[in-house]
Amino acid sequence: MSIYVLSIAFSILFLVIVFELVRRQRLKEQYSLLWILFGVLLLAVSINVRFLERVAEWLDVKYAPALLFLFGLLFCFAFILHLTIVVSKLTGQVLRLTQELAIMKGKRTDGEGERN
């Protein structure tokens, strides 16, 4: 089995898994769009062998299928960076909400103390 057939099979399996996760609501649509885009691009590059070989020649890569893994790795790095930004934003929001909740509890406790 050639690496191209394997990458086509992997791309199709990957897309089916992503669609199934979205259907079962285990993956939010906003994140699934990036994964679907990645799967479609990987499938397109896997099917168009000549394009992959031309890019490999242009980049002076001796083994053209290695570019498939390079593209996948670069996408994963970009997606991890995106998720890190989202987590950082959510961490700030949780901190702010925790502080607001503590202030509200403090005000409620102060109000109860004045009544007694």
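Position numbers for residues count from 1 along each chain, tracking the sequence in the order it is written. For this predicted model, a pLDDT threshold of at least 70 governs which residues receive local features, and a threshold of 80 or more governs which side-chain atom pairs are given and counted, while totals over whole chains, interfaces and linings are taken from all residues. Here the side-chain values reflect all heavy atoms present in the structure, with hydrogen atoms and water set aside.

K.L.:
Hey, could you run me through the packing of aromatic side chains in this one?
P.N.:
Between 30 and 60 degrees the pair is tilted, below 30 it is stacked and above 60 it is edge-to-face, where a pair is any two Phe, Tyr or Trp rings, Trp via its six-membered ring, whose centres lie within 6.5 Å. As enumerated under the stated definition, the model contains eight aromatic pairs in all. Measuring from ring centre to ring centre gives 5.8 Å for F14 and W35, while their planes differ by 65 degrees; the resulting arrangement is edge-to-face. Of this pair, F14 sits in helix α1 (residues 3–23) while W35 sits in helix α2 (residues 29–47), and the two are 21 residues apart along the sequence. A ring pair is formed by W35 and F75, whose centres lie 5.3 Å apart and whose planes are at 70 degrees; its orientation type is edge-to-face. Of this pair, W35 sits in helix α2 while F75 sits in helix α4 (residues 66–115); the two residues are 40 residues apart in sequence, bridging distant segments of the chain. For each residue, the accessible area found with a 1.4 Å probe, counting protein chains only, is set against the maximum for its type, and the residue is called buried under 20%, exposed over 50%, and partly exposed in between. Relative accessible area serves as the criterion here: at 17%, F75 is assigned to the buried category. Aromatic ring contacts, followed pair by pair, group F10, F14, W35, F38, F75 and F79 into a single cluster. Here a strand is any run of E in DSSP of at least two residues, a helix any run of H or I of at least four, and the numbering for each starts at the N terminus.

K.L.:
What exactly am I supposed to notice about the side chain of S32 here?
P.N.:
Residue position: S32 is located in helix α2. Overall, S32 belongs to the buried group, its relative accessible area being 3%. Contacts are assigned to residue pairs that have any heavy atoms within 4.5 Å of one another. When neighbours within four sequence positions are excluded, S32 is seen to be in contact with V18, V22 and L27.

K.L.:
Would you take a moment to explain the pattern of salt bridges for this structure?
P.N.:
Pairing between side chains becomes possible if they bear opposite charge and their charged atoms approach one another. The term salt bridge refers to a pairing of a side-chain nitrogen on Lys or Arg with a carboxyl oxygen on Asp or Glu at a separation within 4 Å. This model, assessed by the stated rule, comprises four salt bridges. Across the salt bridge formed by E20 and R23, the nearest N and O atoms sit 2.6 Å from each other. You can see E20 and its partner R23 sitting in helix α1, three residues apart, about one turn around the helix. We classify E20 as partly exposed; its relative accessible area is 27%. Relative accessible area serves as the criterion here: at 59%, R23 is assigned to the exposed category. Of the charged contacts in the structure, one is a salt bridge between R24 and E20, with a shortest N-O distance of 2.7 Å. On the basis of relative accessible area, R24 is assigned to the exposed category, the value being 54%. Through salt bridges with shared partners, one network takes in E20, R23 and R24.

K.L.:
Could you clarify how one ought to interpret unusual backbone geometry in this entry?
P.N.:
Most peptide bonds are trans, and most residues other than glycine sit at a negative phi. Positioned with a positive phi, Q25 is a non-glycine residue whose angle comes to about 60 degrees. Tracing the sequence through the fold places Q25 in the loop between α1 and α2. Given a relative accessible area of 70%, Q25 falls into the exposed group. The phi angle at D60 is positive, at roughly 60 degrees, despite the residue not being glycine. Classification of D60 as exposed rests on a relative accessible area of 55%.

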